[in-house]
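# Descriptive structure summary
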Amino acid sequence: MANSSAVLSRTETAQDADNVLVAEGLTKVFAGFAAVKDVNLAVRRGSIHALIGPNGAGKTTCFNLLTKTLAPTSGKIVFDGEDISSLRTSQVARRGLVRSFQISATFPNLTARENVRVALQSSYGTAYQFWRSLRAVAPLNSRADELLEQVGLANSRDTPAAELSYGKKRALEIATTLALEPRVMLLDEPTAGMGHEDIEPITDLIRRAAVGRTVLLVEHNLSVVSTLCDKITVLQHGQVLAEGNYAEVSNNPAVVTAYMGGVDE
Ligand SMILES: Nc1ncnc2c1ncn2[C@@H]1O[C@H](COP(=O)(O)OP(=O)(O)OP(=O)(O)O)[C@@H](O)[C@H]1O
């Protein structure tokens, strides 16, 4: 008996170490309506994990709970072994759980490079204040240029954000998120509103950005999910309907039924 409980606790520890972000019994009630009900979720370290589901399934609410944008009615969120249930977005961001677009990513009148530099300044905190001399912020330019290169915006470095195409704006938002050095990057519908020509580049970009970190995304485009994600959690009516890789969830009759009616665009 003592042996088996020792084994069990070792197994649990191993599972926790594998999972960088864990939600237990996550529930959000809006004026008597449960948008998210008792959701358990485990995001494996180093994976690309998607939250999908038909319209109104609770994806955005769940995502907002995980990013600490919304406070749960009940339930617990654990990041890297630490209970972050009562922490604020900024506090979890400092720990490496970063939501894309949380710094409202782009300042339209600043160039791409300046936008990334602002994100770097916020990441480095008081070490690089706005009022520091140009010489003091110079090291930020080289890091900003590396990040712009990484997201394919090296040639748009001096272009004001407002003048970038939609796809390039989203790439810039990812660069500003990467500036915060996330260990877990949370993306809210990264391909939303994109034309066909932008979807593949942004998918490639997410795949590259995911190297060495974990990505959790809400995504409507199932073809993006199928090529990008290791694990998929399907929500319906605020609850987990199915979980697994794309082949598993797409062959699940309950998922097929939930999606019937052509929810995916
Ligand atoms: N602030 C709120 N107050 C009341 N009800 C809300 C609120 N936010 C969401 N809801 C409701 O909770 C349910 C889940 O909404 P949510 O936006 O999380 O779903 P979703 O899966 O992201 O949907 P979509 O794919 O349409 O964006 C919906 O019925 C929605 O109307």
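Counting of residues starts from 1 at the beginning of each chain's written sequence and follows it residue by residue. The predicted nature of this model means local features are confined to residues of pLDDT at least 70 and side-chain atom pairs, given and counted, to a pLDDT of 80 or more, with totals for whole chains, interfaces and linings taken over all residues.

## Details of the overall build of the chain
Counted only if it meets this: A run of H or I in DSSP becomes a helix once it reaches four residues, and a run of E becomes a strand once it reaches two; helices and strands are each numbered from the N terminus. With C-beta atoms placed from the backbone, a residue counts as buried when 20 or more other C-beta atoms lie within 10 Å of its own, as exposed when 12 or fewer do, and as partly exposed for counts between those limits.
Secondary structure summary: the chain contains 10 helices and 10 strands in total. Of all 265 residues assigned to the chain, the portion counted as buried reaches 40%.

## Points about helix 6 (residues 166-178)
Residues spaced three or four apart along an α-helix point in a common direction, a consequence of the helix completing one turn every 3.6 residues. Here is the rule we go by: How far a helix is expected to stretch is found by multiplying one less than its residue total by 1.5 Å.
With 13 residues, helix 6 ought to run about 18 Å at 1.5 Å a step, and its terminal C-alpha atoms sit 19 Å apart, in line with that. Those residues of helix 6 that fall on the buried side of the exposure criterion are G167, K168, R170, A171, L172, E173, I174, A175, T176, T177 and L178.

## A closer look at the sheet that holds strand 1 (residues 19-30)
What counts, and what does not: Paired strands are those between which DSSP finds at least two bridges.
Spatially, 2-1-4-5 is the arrangement adopted by the four strands of the open sheet, whose pairing is antiparallel. If you trace the sheet from one side to the other, it starts and ends with strand 2 (33-44) and strand 5 (82-83), each paired once. Both strand 1 and strand 4 (residues 74-79) contribute to a ladder of five bridges, which runs antiparallel. Opposite V22, over in strand 4, you have V78 as the bridge partner.

## Considerations on the pairing of strand 4
Both strand 4 and strand 5 contribute to a ladder of two bridges, which runs antiparallel. What sits directly across from V78, in strand 5, is D83. Between strand 4 and strand 5, which pair antiparallel in sequence order, lie two residues; one of them, D80, sits at a positive phi of approximately 50°.

## Here's the deal with the site of the ligand
Filter applied, for reference: As a rule, any residue with its backbone-derived C-beta atom within 6 Å of a molecule or strand is reported as near that molecule or strand. All residues other than Ala, Val, Leu, Ile, Met, Phe, Trp, Tyr, Cys, Pro, Asp, Glu, Lys and Arg, Gly among them, are scored as polar; the first ten of these are nonpolar and the last four charged.
What surrounds the ligand is the set F30, F33, A35, G53, N55, G56, A57, G58, K59, T60 and T61. For the shell around the ligand, the element with the most residues is helix 2 (residues 59-66), which contributes three residues. Residues that form the shell around the ligand fall into these classes: four nonpolar, six polar and one charged.

## What about helix 7 (residues 196-209)?
Applicable threshold: It is the directions from the helix axis to the C-beta atoms that the arc portrays. The contact criterion used here is simple: two residues whose C-beta atoms, placed from the backbone, lie within 7 Å are in contact.
Between its first and last C-alpha, helix 7 extends 20 Å over 14 residues, near the 20 Å set by a 1.5 Å rise per residue. By the burial criterion, the buried members of helix 7 are I202, T203, L205, I206 and A209. Looking straight down helix 7, one finds that the buried residues subtend no more than 165° of arc, so they occupy a single side. Turned more than 90 degrees away from the buried face of helix 7, the exposed residues are H196, E197 and R208. Lining the buried residues of helix 7 we find helix 6, strand 7 (184-188), strand 8 (214-218) and helix 8 (222-228).

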